[in-house]
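Here is what each chain is made of, one letter per residue.
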Amino acid sequence: MSQLQEFLSLDYAQLEEHNLHAKEQRFSRVPAHVLQEERLKYLADEKRIKAVTVMFSDLEGRLHMLDYDKKFIIKSHDNLTFDGSSIRGFTAQRESDLRLRLDWGAFYWPPADYFGAGKVMVFGEVIDKDGSPYVADIRGVLKTYANSQFDANGYTLNAANEIEGFLFAGPDAERRYFETRKFEYVNHGGYYHSLPGDPLRLFIDRTAEVQRAMGFQNEKDHPEVAPSQFEINYGYGEVVAAADQIQLYKFICRQVANSMGMTASFLPKPVVGVNGSGMHTNVSVSKNGKNIFWDPAGEEKMSAFAWEFVDRILTAGNDTCALLNASVNAFRRLDPHFEAPNQLIASAVDRGSMVRIPLGNEKSARVEVRSVSPDANPYLVMLAVFKTGLDGSIDPVKNLRSAKRYLPDNIYDALANFNKSKWTSQLLTEEVKARYSDLKKASADRCPRLLGTIVKTEEVQFHHEVYNQYLWNQF
């Protein structure tokens, strides 16, 4: 950096302090106008900040970012426009203008060594021309729903995600799959096993350091079952913040891996013959600070409220499968030979079940939805799980929680269930539902239809699948 420049570059302890304070403000529901005034004053006073990175996600969950000059943001934060026709699943070209409203509670200080000096980050909400939340901005839809549950019932929706991924040798390993025809592992240690100083361990350590600095409040990290596979766990949060953290988690992993000359991949099943990657979604509901999923006298120490939540999830399992498993590749993961959660059952022990009830206590009692792929739109996942669990119907079928039913094994059947479902229309509106279905079918039509484990990775079609996934799953 030139000696003439003095851009903000905080050490990791300072970053963690800033980000945890902002996180506490968000959790405490500090009013939006108070946060806006505080953040704008901070931006005006902190001369070392040059730009604000504003983030939002398209209908499929791809993270988009715009860097705004700090002085422009201070002056024009209420008039940020962009071309929505360039965003997949957003507007048609003839009605392309959309606005961004800054969600000042979702404000982050990122480490300068991975994100650049002199920058802060904030999530944006997409606003239609009439000033209303844009229907295809699922983050905004989720936020509205979560706020309505808090206002009407006093419910706080909580979530934490266990996001698995692979670390492959070389930068741009997904994009270069056409050339190499393989993914190269950096580690063969397996579950919980990685020697200090090996490439996977170094990657996990560095990623965990960045997460801590950004206020993730890490819990544990480790190699996963498959070679070169990882999982870095962190604490639960309010549902919108939790979905934001999924986007940041994948972004951080990719940045750190790229800086080390490697690729962090969140394809659900990048390698045939080994376990795929999932995004186990742990959820609970609290009221007045109390976890209302917990009941020490209940079945598996879960409340009747929690079991009704589970029953609704199972009832709509086939309807929402295309939201939780968003690609052809995701259905390759749902293979029973590799601990895949493809059974529409609930169990405390069976890891092949769609829903698992983990061992918990008054604080940690939760429902784990296991049939979620890491390339799914996290805001759609959270909306589908919580709105279904709280507002969906319960099928009167006998032994609902143990009946032998299975999730679809391919995206075409999943989309057929999704399209004919009345419930998914209530989740998304008919318009957004149709847009999502069209995007997924167009992507699927470019990929091979043969699913499961019997796939020849040398086939050109499979290369197309990996590349198609790479194009929209950058973050």
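Residues numbered from 1 in each chain as written. Predicted model: local features only at pLDDT ≥ 70, side-chain atom pairs only at ≥ 80, totals over all residues. Heavy atoms only, no water.

### Focus: the packing of aromatic side chains
So, point 1. On inspection of all chains with the given rule, the structure shows 22 aromatic pairs.
So, point 2. Both rings, one in Y68 and one in F72, keep their centres 6.0 Å apart while their planes meet at 10°; by these two values the pair is stacked.
So, point 3. Seen from the ring of F7, K50 lies directly overhead, with NZ or CZ sitting 4.5 Å from the centre. (Phe/Tyr/Trp six-rings, centres within 6.5 Å; stacked < 30°, edge-to-face > 60°. Lys NZ or Arg CZ within 6 Å of the ring centre and 35° of its normal.)

### Details of the nonpolar core
So, point 1. In terms of nonpolar packing, the biggest core is built from 99 residues, with F203 and F230 touching the most fellow members.
So, point 2. At 12 residues, helix α8 (residues 239-259) tops the list of elements feeding residues into this core.
So, point 3. Beyond its immediate sequence surroundings of up to four residues, F203 is in contact with L167, F230, C253, V256, A257, M260 and A264.
So, point 4. With 29 residues, the next largest nonpolar core counts L10, L15, F56 and F82 among its residues. (Core = buried A, V, L, I, M, F, W, Y, C linked by side-chain atoms within 4.5 Å. Buried < 20%, exposed > 50% of the residue type's maximum accessible area, 1.4 Å probe, protein only. Helix = DSSP H or I, 4+ residues; strand = E, 2+ residues; numbered from the N terminus. Contact = heavy atoms within 4.5 Å.)

### Description of helix α2 (residues 32-45)
So, point 1. Here α2 is 14 residues long and its end C-alpha atoms lie 20 Å apart, about the 20 Å a rise of 1.5 Å per residue gives.
So, point 2. Of the residues making up α2, those classed as buried are L35, R39, L40 and L43. Along α2, the residues classed as buried sweep out an arc of 125° about the axis, all on the same side. Among the exposed residues of α2, those pointing more than 90 degrees away from its buried face are H33, E37 and K41.
So, point 3. On the buried face of α2, the contacting elements are α1 (12-27), β1 (51-57), α3 (70-76), β4 (97-108) and β5 (119-127). (Expected span 1.5 Å × (residues − 1). Arc of directions from axis to C-beta.)

### Quick notes on unusual backbone geometry
Residues apart from glycine generally show negative phi values, whereas peptide bonds are mostly found in trans.
So, point 1. Located in the positive-phi region is R181, a residue other than glycine, with phi close to 60°.
So, point 2. Tracing the backbone through its elements, the reader meets R181 in the loop between α6 (177-180) and α7 (199-213).
So, point 3. A relative accessible area of 41% means that R181 is categorised as partly exposed.
So, point 4. At E300, a position not held by glycine, the phi torsion is positive, near 55°.
So, point 5. Along the polypeptide, E300 turns up in the loop between β12 (290-291) and α9 (304-315).

### A short note on the pattern of salt bridges
So, point 1. Throughout the structure, instances matching the rule amount to 23 salt bridges.
So, point 2. Where E125 meets K143, a salt bridge forms, and the shortest distance between an N and an O atom there is 2.5 Å. Residue E125 is found in strand β5, and its partner K143 is found in helix α5 (residues 138-153); the two are separated by 18 residues along the sequence.
So, point 3. Of the charged contacts in the structure, one is a salt bridge between E299 and R401, with a shortest N-O distance of 3.4 Å. Taken together, the positions of E299 in the loop between β12 and α9 and R401 in the loop between α12 (378-391) and α13 (411-420) put the pair 102 residues apart, joining distant regions of the chain.
So, point 4. On the accessibility criterion, E299 (48% relative accessible area) is partly exposed.
So, point 5. The class of R401 is partly exposed, set by a relative accessible area of 27%.
So, point 6. What emerges from the salt-bridge pattern is a single network uniting R26, R101, D103, E125, R139, K143 and D244. (Salt bridge = Lys/Arg side-chain N within 4 Å of Asp/Glu carboxyl O.)

### With respect to the packing of α1 against α7
So, point 1. Running from amino to carboxyl end, α1 crosses α7 at an angle of 45°, the nearest separation of the two axes being 7 Å. As summarised for this structure, α1 and α7 are arranged oblique, according to the angle between their axes. Facing α1, whose interface residues are Y12, L15, E16 and N19, α7 presents E209, V210, R212 and A213.
So, point 2. Classifying every residue of the contact of α1 with α7 gives four nonpolar, one polar and three charged. (Axes fitted to C-alpha atoms, helices over the stretch in contact; angles between N-to-C directions. Parallel < 35°, antiparallel > 145°, perpendicular 65-115°, else oblique. Nonpolar A, V, L, I, M, F, W, Y, C, P; charged D, E, K, R; others polar.)

### Some thoughts on the sheet that holds strand β2 (residues 63-69)
Backbone-to-backbone hydrogen bonds pair the strands of a sheet. The strands run either parallel or antiparallel.
So, point 1. The five strands are arranged β2-β1-β5-β4-β3 in an open sheet whose pairing can be described as mixed. On the outer flanks of this sheet lie β2 and β3 (80-83), each paired with one strand and no other. Each adjacent strand pair in this sheet contributes to an overall mean axis angle of 40°, direction not counted.
So, point 2. Relative to β4, β3 is paired through four bridges, and the arrangement is antiparallel. Looking across to β4, one finds that F82 is bridged to L98. (Pairing = 2+ DSSP bridges.)

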